[in-house]
Amino acid sequence: MNEYDSHMVESQLVALGAELVSNVDHADFVLVNTCAVRGKPVDKVKAVLGDLRKLKHSRGLMLGMMGCLAQLEEGQEIAKKYEVDVLLGPGALTDIGAALEGNKKFWSLAFKDDIHEFIPPPPKGKLSVMLTIQRGCDHHCTYCIVPTTRGPQVSRTPQNIMTELGAMVEAGVLEVTLLGQNVNSYGLDQPGMPGFGELLRMVGKSGIPRVKFTTSHPMDFSDDIIQAIAETENVCKYIHLPVQSGSNAVLKRMGREYTREFYLERIAKIRSLMPDIFLTTDLIVGFPSETEADFLETLSLYEEVAFDSAYTFIYSARAGTPSYKHFDDQPKEVKSERLTRLIERQRHWAQVKNSSLIGKEVEVLLRGPAYEPTFMEGHTQAHHPILLPASEAPFPGLYRARVEHATPHMVFGKVTQTIQTSFITPALYNSPVIPSATMT
Ligand code: SAH
Ligand code: SF4
């Protein structure tokens, strides 16, 4: 989501005549995008701003901060301390033009309506692109700062979404990922809007070869959505469905609105229509008062579902969230030990699931060179990370490949067919659709 937001601001700056540079030593203005979900990213922001402030003093660099942290008092204190000139909350990103007028301090925490109409051009040279379909969140998980920083849910209109998607198809983009805090709650905030199932069917007809989406809330994962994923061919058979905990007592204190049984029933429904679905989740360990028995329930849920992979987090107490007022009572060593045990199961299942692909043919979207340059990296249709030899697949694009080897992190394959290599037209980068009030 932050990547999408950064691109959205970047495209406005480019339309205003700015030139993007990859080295901070050549920049006149640096804008730091931030995350506030856990404590660690906040520490990272402080370290980055500390270095940038030195440059501000030595050569007059202008400093900006945007995103979730900017919306919080904690972030504003940090911005003051590090002498930030431009501060934009996550709802105020269309204020960047106004912020740069007149070289003076500009802070905006507004939740602007025009942000939902803003249509950034497809990012230059990318085959896999993100598209925000809704902002904010109407759930109230007790550990989570997002409803405070991003406000209530607002769904973008299908017209705006389809226009943005149309430009991607025209530019040669091969994969779109629909983004939102809970994409599957799409449309529930406004009467008369299509639901997420309907939107998926619409997006499926756009001609884009692959459609992915993230992230989803189990409560709103309806039968119609499951049906739409199953029946729409270009919607990838990949679902990220955060469960957070396997213990009903913890789920209740987290304010997650569902039980372990409800979650398992949704998984059973999904697998009844799509037995080979690639299924991932988010899990938090060390929530206040989580007992060893609670944690064992999380482990047993993991075994029962046999997730393909998971993002695992240690609970981070965030000021301003309802759970903050409860004592963060799990000792650090207990949290770390639970995380290690959970990651061990995650790696075990990832190895089992990835190994089950050996010998099979998969469709692969290659994005570009891997860290090890004799390979190109990408994802299978179902979202397994995959490496193919650069000698067999020298260009980004769509391929078919046979899987030969698997680790818990990825699979390795051999090219069997080149479906389509793709070249993006750089000229298409020139034209964001800017809501008229924004940049006069
Ligand atoms: N809207 C998404 C999640 C956004 S935050 C959803 O509900 O799925 C991404 C993940 O960060 C969450 O799923 C959760 O696992 C984790 N997270 C959020 N707040 C956290 C906190 N205070 N401590 C630890 N992990 C947290
Ligand atoms: Fe946070 Fe819960 Fe909303 Fe996800 S659903 S953004 S975890 S409040």
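Residues numbered from 1 in each chain as written. Chains lettered and ligands numbered in written order. Predicted model: local features only at pLDDT ≥ 70, side-chain atom pairs only at ≥ 80, totals over all residues. Heavy atoms only, no water.

1. Notes on the overall build of the chain
Selection criterion: Helix and strand definitions here come from DSSP, where helices need a minimum of 4 consecutive H or I residues and strands a minimum of 2 consecutive E residues; each element is numbered from the N-terminal end. Accessibility here uses a 1.4 Å probe with only protein chains present; expressed as a share of the type maximum, an area under 20% marks a residue as buried, one over 50% as exposed, and anything in between as partly exposed. Contacts are residue-level and defined by heavy atoms, with any inter-residue pair within 4.5 Å sufficient. Note on areas: Shrake-Rupley with a 1.4 Å probe; residue coverage comes only from the protein chains shown. The positive count covers Lys and Arg only, the negative count covers Asp and Glu only, and His and the chain ends enter neither. Taken as the charge location is NZ of Lys, CZ of Arg, CG of Asp or CD of Glu.
Secondary structure assignment for the chain yields 13 helices and 17 strands. On the principal axes, the C-alpha backbone points of the chain span a range of 60 × 55 × 50 Å. In the chain, buried positions account for 52% of the 440 residues. A fraction of 71% describes how many contacts in the chain between residues 6 or more apart in sequence connect residues 24 or more apart. Just so you have it, the chain exposes about 19,100 Å², and 56% of that area is on carbon and sulfur atoms. Counting 44 positive and 52 negative side-chain charges, the chain places the averaged centre of each group 3 Å from the other.

2. A few points about the domain arrangement of the chain
Rules: Delimitation of the domains relies on an automatic or database domain assignment.
Annotation of the chain at the domain level lists domain 1 (2–113), domain 2 (115–352) and domain 3 (361–428). Between the C-alpha centres of domain 1 and domain 3 there is a distance of 35 Å.

3. Brief notes about the side chain of S245
So the rule is basically this: By the criterion applied in these results, polar contacts are pairs of N or O atoms within 3.5 Å in which, for protein atoms, one can donate a hydrogen and the other can accept it, and in which residues neighboring in sequence qualify only through two side-chain atoms.
With respect to the element layout, S245 can be found in the loop between β10 (238–240) and α10 (248–254). A distance of 3.1 Å separates the side chain of S245 from the backbone nitrogen of S247, its partner in a polar contact. Not counting the four nearest positions on each side in its chain, S245 is found in contact with V250, L251, M254, L283 and T298.

4. Quick look at the packing of aromatic side chains
A ring pair, where both rings are aromatic, is described by two values, the distance of the centres and the angle of the planes. Note the threshold: By convention, a stacked pair of Phe, Tyr or Trp rings (six-membered ring in the case of Trp) has centres within 6.5 Å and planes under 30 degrees apart, an edge-to-face pair has planes over 60 apart, and any other such pair is tilted. Charges are assigned to positions over rings by a cutoff of 6 Å between ring centre and Lys NZ or Arg CZ, combined with an angular limit of 35 degrees from the ring normal.
Inspection of every chain in the model, using the stated rule, returns eight aromatic pairs. Here Y263 and F307 contribute two aromatic rings whose centre-to-centre distance is 6.4 Å and whose plane-to-plane angle is 55°, an arrangement assigned as tilted. You can see Y263 sitting in helix α11 (residues 260–273) and its partner F307 sitting in the loop between α12 (292–305) and β12 (309–314), a full 44 residues away along the chain. The burial state of Y263 is the same as that of F307; both residues are buried. Aromatic side chains Y302 and F307 sit 5.1 Å apart centroid to centroid with 65° between the ring planes, which places their arrangement in the edge-to-face category. In this structure F307 comes out as buried when scored by relative accessible area, which is 0%. If you follow K105 out to its NZ or CZ, it ends over the ring of W107, 4.5 Å from the centre.

5. Quick look at the environment of H384
Looking at the element boundaries, H384 is found in the loop between β14 (375–380) and β15 (385–389). Here H384 falls in the buried class, since its relative accessible area comes to 7%. H384 sits 15 residues away from Y399 along the chain, and the two C-alpha atoms are 14 Å apart. For H384, the residues in contact, after removing those within four places along its chain, are F278, D308, N354, L357, G378 and H379.

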